[in-house]
Amino acid sequence: MANNAALGIGEGLDGREAGLDAVQKALNALGTQRPAAGVVLFSQEFDGSELVHGISGVLGNIPLWGFGSPRILHGNQDHPRQAAVLLLGGAEMRARGIWLANYGKDGKTAAAQIGMQMAGSSSAGVLIAADGVQGDCAAVCGALTELPMALAGGLAVPTNGELCELIGSGQTAGGALSALELGGRARLGVGIGSGWRDVGLSFAVERVEGLRVTRMDGRTPAEVYESVFGASLQDWRRPPLADLIRLYPLGIEEFPGSADLSIRTPVRMEADGSLRMNAPVEAGVMARLMVGDPEACVRAAQSAAEEALTMLGGASPAAALVFADVSWQYLFESQSPRFLEAVQGVVGKQIPLAGAYTLGQVVRTLSEKPPQALNQQIQVVLIGMEAA
């Protein structure tokens, strides 16, 4: 039976060398199948432009999709200084790339553009990668609400200084949105889960300015966090707390007193003591402080993989992608990322699996549910092929 997907993991002194290593291994594993599209994920040590240049020189003009990450997920570990190339192939596979360079500067216009480009599409699903700091992912989700297809992907972490590196249309850039539309006999199964829990502390969100939460319980968020953790505003703006603040997100009540919480995670603490988010929070809601539970995260990963497999239906899984919030990296820093073993245990060790850390997830698991921009989750994406 021919392979419909093949994974290559590359290493090298620079991005070009790592990309060439990864793509050659993937081509060898793909065998005689013609590659129709490529998913490219790379760790922060590499320059994305060098990496894409090397890969494109081998593959030619096929759609590439992906982004940079602090580390690459595959096997049972997360790895620095590696690149992953997942090739999707076969005569039954259809793929189309969409690249919106203006996403970071004008998210609403970019959302309208992707909505128009995908209007009337009958594809099985689309992968989306967007800048995790700039842009308006909620607007993109809104523009795709009417499309009856699966939606998956991530909000990229800055890996080149403050730059999020997105891959699409043969190039790499920050402030962009890249989409990969999959059709033909390709199918997407998507599952989502989180291992964060409410610790019993609630705060009223009183003032919001754009994506910044500026007032909670009559104080700045910095003052609220200092009262809980004892760390000052200056502490939260310097390493390591500047990164670790993602371990302590806010659970937003769906309605007053609701046990159902939408998790919203800070990107950073601003100099004025406000919290900069990358998903909207409305003034007037109640927010609960959340913390991560490693065992709950492992269970959530297993559940997400099972959900993705169920959504795939009768299609045979060919490859798996895992997108975990970067807070999962911090939570499992002193131990192996056991959530990968949980996913592989569900989908099977014979299925090629790669993944990356993100600042959030873009997801639509069922066609009757609207697309969502989420934080603090793990997302499992299964790419399958429906029998002829």
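On to the sheet that holds strand β15 (residues 212-216), then. Taken in spatial order, the 7 strands line up as β17-β16-β20-β14-β15-β19-β18 in an open sheet, and their pairing is antiparallel. Where the open sheet ends on each side, the last strands, each with one partner, are β17 (261-264) and β18 (266-269). Across the sheet, the axes of successive neighbouring strands diverge by a mean angle of 45°, strand direction being ignored. Relative to strand β19 (residues 275-277), β15 runs antiparallel, the two sharing 2 bridges. Across the sheet, residue Val213 finds its bridge partner in β19, namely Leu275. Against the sheet, helix α5 (residues 221-229) touches β14 (196-209), β15, β16 (250-253), β18, β19 and β20 (286-292), its axis set at about 65° to β15.

The 6 strands lie next to each other as β5-β4-β22-β21-β25-β13, forming an open sheet whose pairing is mixed. The open sheet has two edge strands, β5 (77-79) and β13 (186-193), and neither has a second partner. Within this sheet the neighbouring strands show an average axis-to-axis angle of 25°, counted without direction. Here 6 bridges tie strand β21 (residues 316-325) to strand β22 (residues 353-358), and the two strands are oriented parallel to one another. For Asp325, the partnering residue across the bridge sits in β22 and is Thr358. Against the sheet, helix α8 (residues 294-312) engages β13, β21 and β25 (378-385), with an angle of about 150° to β13. In the packing of helix α10 (residues 338-347) onto the sheet, contacts are made with β4 (72-74), β5, β21, β22 and β25, and the angle to β22 comes to roughly 145°.

Enumeration over the complete set of coordinates arrives at 0 disulfides. With no disulfide of its own, Cys137 lies 4.4 Å from the sulfur of Cys141, the closest cysteine sulfur.

In this section: the pattern of salt bridges. This model, assessed by the stated rule, comprises 14 salt bridges. Ionic pairing is found between Arg246 and Asp325, a salt bridge with its closest N-O pair at 2.6 Å. Separated by 79 residues along the polypeptide, Arg246 in the loop between α7 (241-244) and β16 and Asp325 in strand β21 bring together distant segments of the chain. For the pair formed by Arg246 and Asp325, the shared burial category is buried. When salt bridges that share partners are traced, they join Asp198, Glu253 and Arg288 into one network.

Once that is clear, we can look at the packing of α8 against α10. The contact between α8 and α10 brings their axes to 8 Å, and the two run at 25°. Judged by the inter-axis angle, α8 sits roughly parallel to α10. Note that α8 runs across α10; the crossing there is right-handed. Counting all contacts with α8, which are made through Pro294, Glu295, Cys297, Val298, Ala301, Gln302, Ala305, Glu306 and Leu309, the residues of α10 involved are Arg338, Phe339, Ala342, Val343, Val346 and Val347. Its residues placed into classes, the contact of α8 with α10 shows 11 nonpolar, 1 polar and 3 charged.

Our next topic: the nonpolar core. Membership of the largest hydrophobic core comes to 97 residues, with the highest contact counts inside it found for Phe67, Ile114, Leu127, Ile128, Leu177, Trp328 and Phe339. Excluding residues that lie within four positions of it along the chain, Trp328 makes contacts with Gly193, Ser194, Gly195, Trp196, Cys297, Ala300, Phe339, Tyr357, Gln376, Gln377 and Ile378.

Another aspect to go through is the packing of aromatic side chains. Evaluation of the coordinates by the stated rule reveals 12 aromatic pairs. Ring centres of Trp196 and Trp328 lie 6.0 Å apart, and the angle between their planes is 40°; this geometry places the pair in the tilted category. Here Trp328 lies in helix α9 (residues 326-331) and Trp196 lies in strand β14, a separation of 132 residues in the sequence. Residue Trp196 shares its accessibility class with Trp328, and that shared class is buried. Pairing Phe229 with Tyr248 gives two aromatic rings, centres 4.5 Å apart and planes at 45°, and the pair type is tilted. Here Tyr248 lies in the loop between α7 and β16 and Phe229 lies in helix α5, a separation of 19 residues in the sequence. Assessed through its relative accessible area of 22%, Tyr248 is described here as partly exposed. One aromatic cluster is present, built from ring pairs that chain together Trp196, Trp328, Phe332 and Phe339.

What counts, and where the lines are drawn
- Residues numbered from 1 in each chain as written.
- Predicted model: local features only at pLDDT ≥ 70, side-chain atom pairs only at ≥ 80, totals over all residues.
- Heavy atoms only, no water.
- Pairing = 2+ DSSP bridges.
- Helix = DSSP H or I, 4+ residues; strand = E, 2+ residues; numbered from the N terminus.
- Axes fitted to C-alpha atoms, helices over the stretch in contact; angles between N-to-C directions.
- Contact = heavy atoms within 4.5 Å.
- Disulfide = S-S within 2.5 Å.
- Salt bridge = Lys/Arg side-chain N within 4 Å of Asp/Glu carboxyl O.
- Buried < 20%, exposed > 50% of the residue type's maximum accessible area, 1.4 Å probe, protein only.
- Parallel < 35°, antiparallel > 145°, perpendicular 65-115°, else oblique.
- Left-handed = near helix turned anticlockwise from the far one by under 90°.
- Nonpolar A, V, L, I, M, F, W, Y, C, P; charged D, E, K, R; others polar.
- Core = buried A, V, L, I, M, F, W, Y, C linked by side-chain atoms within 4.5 Å.
- Phe/Tyr/Trp six-rings, centres within 6.5 Å; stacked < 30°, edge-to-face > 60°.

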